[in-house]
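Residue-level structure breakdown
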Amino acid sequence: MIIIKSQDEIDIMRESGKVTGYILRELEQRIVPGISTMDINDFVEETIRKYKMIPTFKGYGGYPAAACVSVNEVVVHGIPSKERILREGDIVSVDVGSTYKGYVSDAARTYPVGKISSEAARLIEVTKDSFFEGLKFCRIGYRLSDISHAIQKKAESEGFAVIRDFVGHGVGSKMHEDPQIPNYGKPGRGPRLQAGMVFAIEPMIAQGTYEVEVLIDNWTAVTCDGKLAAHYENTVVITDGEPELLTL
Ligand code: MF3
Ligand code: CO
């Protein structure tokens, strides 16, 4: 069942989204060669707490940190570590969730570390673009899989692969609500979109194969071929008009 949010609930989620979005914007300047993935996590957690919010991910299904910090071939759910030092040429995806008055916002970006290859930069760009292609269908009159299809079309037309094993989702008082939102599929399927639905739309796009493997830590998801992957996510409200991005 897809939960329709009231205006009051959306107002709270907007506050939450501001902090999540602010953190991801601040990270643009802070991600430089030589820092550790734990340094990124520390900034995320400190900032969420500074605004009297709760890091949604910490303790979720036993996840140990506030942020997921996923380097290069890590697709999602990279666990921050003091030992994992970022080097020039890496790409790093950071996924952040903040809970405010019981409501969650969820967003992610992929960042370059110093100067990166043009192919890595193109992967990051296309992943973001695929989100915005999907966003065009976040409107009344479309159906859920229209979003999925638009994301897939963009990513594949640029020669990249869509990760299958992880999907976007409804978001509200729980981080993961119905519906699941795959980043691929035929158009014209699934529920019709209604005002007050709130979705975390999150394309995860890879350079090579879409197949992933989860490491023995039970979290870290890597591409099976070791090629790069990128992630871009925002919390989006369906309205009577333009979709509202709560985390941008
Ligand atoms: N944004 C991710 C998601 O949508 C983050 C979940 S990570 C977890 O699923 F550690 F909290 F599980
Ligand atoms: Co999410």
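First, a word on what this report is: a plain description of the structure on this page. Please read these numbers as outputs of a predicted model, since none were measured by experiment.

How each quantity is defined
- Residues numbered from 1 in each chain as written.
- Chains lettered and ligands numbered in written order.
- Predicted model: local features only at pLDDT ≥ 70, side-chain atom pairs only at ≥ 80, totals over all residues.
- Heavy atoms only, no water.
- Near = heavy atom within 4 Å.
- Polar contact = N/O pair within 3.5 Å; in protein donor to acceptor, adjacent residues only side chain to side chain.
- Areas by Shrake-Rupley, 256 points an atom, 1.4 Å probe, with all protein chains shown as cover.
- Nonpolar A, V, L, I, M, F, W, Y, C, P; charged D, E, K, R; others polar.
- Salt bridge = Lys/Arg side-chain N within 4 Å of Asp/Glu carboxyl O.
- Helix = DSSP H or I, 4+ residues; strand = E, 2+ residues; numbered from the N terminus.
- Expected span 1.5 Å × (residues − 1).
- Buried < 20%, exposed > 50% of the residue type's maximum accessible area, 1.4 Å probe, protein only.
- Contact = heavy atoms within 4.5 Å.
- Pairing = 2+ DSSP bridges.
- Core = buried A, V, L, I, M, F, W, Y, C linked by side-chain atoms within 4.5 Å.

Here we take up the site of ligand 1. Ligand 1 sits among 13 residues. The nearest are Asp-95, Asp-106, His-169, His-176 and Glu-202. Taking Asp-95, its side chain carries an N or O atom lying 2.6 Å from a nitrogen atom of ligand 1. The side chain of Glu-233 places a nitrogen or oxygen atom 3.4 Å from a nitrogen atom of ligand 1. Here ligand 1 has 330 Å² of accessible area as a free molecule, and 94% of this is covered by the chains. Of the residues in the shell around ligand 1, the class split is six nonpolar, three polar and four charged.

As a further point, take the pattern of salt bridges. Where charged atoms from two side chains of opposite charge approach closely, those side chains can pair. Per the stated rule, a full pass over the model turns up 13 salt bridges. A salt bridge links Glu-15 to Lys-18; the shortest N-O distance between them is 3.3 Å. Note that Glu-15 and Lys-18 are positioned in helix H1 (residues 7-30) at a spacing of three residues, about one turn of the helix.

Between the first and last C-alpha of helix H4 (residues 144-157) there are 21 Å, a value that for 14 residues agrees with the 20 Å anticipated at 1.5 Å per step. All buried positions along H4 are accounted for by Leu-144, Ser-145, Asp-146, Ile-147, Ser-148, Ala-150, Ile-151, Gln-152 and Ala-155. Elements in contact with the buried residues of H4: helix H3 (118-135), strand E6 (161-162), strand E8 (177-181), strand E9 (198-201) and strand E10 (204-206). The first or second residue beyond H4 is Gly-159, which carries a positive phi of 85°.

Next up on the list: the sheet that holds strand E14 (residues 234-237). The antiparallel open sheet is built from five strands, whose spatial order is E8-E7-E9-E14-E15. A single partner strand is all that each edge strand has here, and the edge strands are E8 and strand E15 (244-245). Of the strand pairs in this sheet, E14 and E15 are connected by two bridges, and their pairing is antiparallel. In the sheet register, Val-237 faces E15, and the bridge partner there is Glu-244.

Right, let's talk about the nonpolar core for a bit. Counting 22 residues, the largest nonpolar core has Leu-27, Ile-31, Ile-40, Val-44, Val-92 and Val-94 as the members making the most contacts within it. Only H1, helix H2 (37-50), strand E2 (67-71), strand E4 (91-100) and strand E5 (103-112) provide two or more residues apiece to this core. What Val-44 contacts, discounting residues up to four positions off in sequence, is Ile-23, Leu-27, Ala-66, Ala-67, Val-94 and Val-96.

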